[in-house]
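Examining the three-dimensional arrangement
The chain contents come next:
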Amino acid sequence: MHTVRVEDIVVANHALKDVVEKTPLQKNKVLSERYGCNVYLKREDLQIVRSFKIRGAYYFMRNLSTMERERGVVCASAGNHAQGVAYSCNHLQIKGTIFMPATTPRQKISQVKLFGGSYVEVVLIGDTFDDSFAEAMKYCIQEDRTFVHPFDDPLVVAGQGTVGLEIMNDMEEPADFVFMSIGGGGLAAGVGTYVKGISPNTQIIGVEPAGAASMQAALEQNDVVALDEIDKFVDGAAVKQVGQLTMSICQELLDDIVLVPEGKVCTTILELYNSNAIVVEPAGALSIAALDYYRDQIAGKNVVCVISGGNNDIDRMQEIKERSLLHEGLKHYFVINFPQRAGALREFMEKVLGPHDDITRFEYTKKNNKENGPALVGIEMKCKDDYQPLVSRMKQHGIRYVEITNDPYLFNLLI
């Protein structure tokens, strides 16, 4: 199998230098103080299309033959790769058909149309990247077009590897750790190739969402495997199956993979926004979310986190906040059977709720005869230590309840 070398990335960098932004590598004061080390952020969220994906897409398309350019290209993407391909289509004047899952945030779809202009047609199909990928491949064969793979191609990997080249050129001291997100593995394979090639002692840490850990599964099985189910929330990294090429490179170069729960990703998004005014998408927060799991190893070291993208849809902020609160143990949902007597609800408010507990959702689960029915109650707390006392007071006052926060079936059914 063709692999990718440091020289390939140097060549790609030369080809890309007038098209992509050389994004800043910024030392982050807040994170450096929190972890007692030097944390540098590679700001790919400041790229032209607000993610690193343009690097691989443009480099691949720039290498097409005249005939391939005339026929046009096809791609499948949950958003960022699509934007990279769309921008490249417009810039290189190549016609492109872009397949996106129907679940893609609206903001990403409009960005694709904006970047591609008249050169691009968007087709919304399927629920996941893998669904739209299958449709795109079918269309590609029918129409005899060239497929621009989001990760599993040596030219794409070399293009993404230019992120690593820029990091190493900008670091004044040796980098001890480089953390980056893994979806299909193109970024980790490319950056890992360059960084390990010139600094073998730098540790390369891949970070996957816990609900879509396809690279970890592949490395455990020593072969690419398709996950049956994935959590689609971290849309930029929610891939059921990584690439054959990217897996073989990651197998050789990755020092570790960290799995981050989706709720933890949400907390990180909010912290980055509140503390640093940095807007990241869920996949862009993965590398920073992983630092908590490496707190001891990174103390006193030079650490680089690649912020892979900043295409966050403002419509998702409510869900992000909710997931963060649930993960941090600050929000709990109960089905409560109130005693069948007048004043039971008032008594619950006065005697059971703590001074800093807040009811954020309340609805009776029965349409008729509500006073006798159970109610769905969402309670938000200032501090997670307030949870145990709340539950104790419910028991003390004889309140019958079922907590549904940790019951995926009931939670998804009712919330």
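Fair warning: this is a prediction, and the values are worked out from it, not measured in the lab.

1. Describing the overall build of the protein chain
- Along the backbone of the protein chain there are 18 helices and 14 strands.
- Viewed in the frame of its principal axes, the protein chain has a C-alpha envelope of about 80 × 55 × 40 Å.
- Counting all 415 residues of the protein chain, 55% fall into the buried class.
- For the protein chain, contacts bridging at least 24 residues in sequence account for 74% of all contacts bridging at least 6.
- Of the roughly 18200 Å² of accessible surface on the protein chain, a fraction of 47% belongs to carbon and sulfur atoms.
- Once the 42 positive and 54 negative side-chain charges of the protein chain are each reduced to a mean point, those two points are 6 Å apart.

2. Details of the environment of Lys351
- The residue Lys351 is located in helix H16 (residues 344-352) in this model.
- Non-local contacts of Lys351, meaning those with residues more than four positions away in its chain, are made with Arg393 and His397.

3. Examining the environment of Leu272
- Relative to the assigned elements, Leu272 resides in helix H12 (residues 262-276).
- By relative accessible area, Leu272 is classed as buried at 2%.
- The sequence separation of Leu272 and Leu41 amounts to 231 residues, and the corresponding C-alpha distance is 11 Å.
- In contact with Leu272, other than residues within four places in its own chain, are Ala277, Ile278, Val280 and Ile288.

4. Some remarks on empty space enclosed by the protein
- Summed over the entire model, instances satisfying the criterion amount to 4 cavities of 30 Å³ or more.
- Space inside the largest cavity adds up to approximately 300 Å³.
- Lining the largest cavity are 26 residues, and of these Lys53, Gly183, Gly184, Gly236 and Ala237 sit closest to its centre.
- Secondary structure elements with two or more residues in the lining of the largest cavity: helix H5 (80-92) and helix H9 (186-198).
- Looking at the lining of the largest cavity, its residues break down into 11 nonpolar, 12 polar and 3 charged.
- Within this model, the second largest cavity holds a volume of roughly 50 Å³.
- Taken together, Pro339, Arg341, Ala344, Glu347, Phe348, Lys351, Val352, His397 and Ile399 make up the full set of residues lining the second largest cavity.

5. What about the side chain of Asp8?
- Here Asp8 is to be found in helix H1 (residues 6-16).
- Polar side-chain contacts of Asp8 include one of 2.8 Å to the backbone nitrogen of Arg5.

6. Focus on the pairing of strand S10 (residues 302-307)
- The element S10 is largely enclosed, with a buried count of 6 among its 6 residues.
- Of the two faces of S10, the one carrying Asn302, Val304 and Val306 and the one carrying Val303, Cys305 and Ile307 are both buried.
- As paired elements, strand S2 (residues 38-43) and S10 share 6 bridges and run parallel to each other. Along S10, the bridge assignment pairs Arg43 with Ile307.
- Across 3 bridges, strand S7 (residues 177-181) lies against S10 in parallel orientation.

7. Looking at the packing of aromatic side chains
- Evaluated as defined, the whole model comprises 9 aromatic pairs.
- On the basis of an interplanar angle of 25° and a centroid distance of 6.1 Å, the ring pair of Phe177 and Phe179 is categorised as stacked.
- Joined through ring pairs, the aromatic side chains of Phe177, Phe179 and Tyr294 make up one cluster.
- Looking at Arg316, its charged tip hangs above the ring of Phe233, at a distance of 4.8 Å from the centre.
- Of note, Arg323 hangs over the ring of Phe233, and the distance from its end group to the ring centre comes to 4.2 Å.

8. Structural notes on the pattern of salt bridges
- Summed over all chains, the structure comprises 23 salt bridges.
- Of the charged contacts in the structure, one is a salt bridge between Arg55 and Glu166, with a shortest N-O distance of 2.9 Å. Of this pair, Arg55 sits in helix H3 (residues 53-62) while Glu166 sits in helix H8 (residues 154-170); the two residues are 111 residues apart in sequence, bridging distant segments of the chain.
- Bridged by salt links that share partners, the residues Lys42, Glu44, Arg55 and Glu166 form one connected network.

9. Considering the nonpolar core
- Met61, Val85, Ile98 and Val178 are the most contacted members of the largest nonpolar core, which has 67 residues in total.
- For this core, the leading source of residues is H8, giving 7 residues.
- Dropping the residues within four chain positions of it, Val178 is found in contact with Val191, Val195, Thr202, Gln203, Ile204, Ile205, Val304 and Val306.
- Residues Phe177, Val234, Cys266 and Ala283 belong to the second largest nonpolar core, which totals 34 residues.

10. Examining the sheet that holds strand S13 (residues 375-380)
- Read across the sheet, 4 strands follow the order S12-S13-S11-S14 without closing on themselves; strand pairing throughout is antiparallel. On the outer flanks of this sheet lie strand S12 (358-364) and strand S14 (400-403), each paired with one strand and no other. If you compare each strand with its neighbour and ignore which way they point, the axes differ by 25° on average.
- In the packing of helix H17 (residues 387-396) onto the sheet, contacts are made with strand S11 (331-337), S13 and S14, and the angle to S11 comes to roughly 5°.

What counts and what doesn't
- Residues numbered from 1 in each chain as written.
- Predicted model: local features only at pLDDT ≥ 70, side-chain atom pairs only at ≥ 80, totals over all residues.
- Heavy atoms only, no water.
- Helix = DSSP H or I, 4+ residues; strand = E, 2+ residues; numbered from the N terminus.
- Buried < 20%, exposed > 50% of the residue type's maximum accessible area, 1.4 Å probe, protein only.
- Contact = heavy atoms within 4.5 Å.
- Areas by Shrake-Rupley, 256 points an atom, 1.4 Å probe, with all protein chains shown as cover.
- Lys, Arg positive; Asp, Glu negative; His and termini not counted.
- Charge placed at Lys NZ, Arg CZ, Asp CG, Glu CD.
- 1 Å grid on protein atoms, 1.4 Å probe; cavity = no way out; pocket = protein on both sides within 12 Å on 5 of 7 lines; lining within 4 Å.
- Points joined across faces, edges and corners; volume = space filled by probe spheres on them.
- Nonpolar A, V, L, I, M, F, W, Y, C, P; charged D, E, K, R; others polar.
- Polar contact = N/O pair within 3.5 Å; in protein donor to acceptor, adjacent residues only side chain to side chain.
- Pairing = 2+ DSSP bridges.
- Phe/Tyr/Trp six-rings, centres within 6.5 Å; stacked < 30°, edge-to-face > 60°.
- Lys NZ or Arg CZ within 6 Å of the ring centre and 35° of its normal.
- Salt bridge = Lys/Arg side-chain N within 4 Å of Asp/Glu carboxyl O.
- Core = buried A, V, L, I, M, F, W, Y, C linked by side-chain atoms within 4.5 Å.
- Axes fitted to C-alpha atoms, helices over the stretch in contact; angles between N-to-C directions.

Keep in mind these numbers describe shape, not what the thing actually does.
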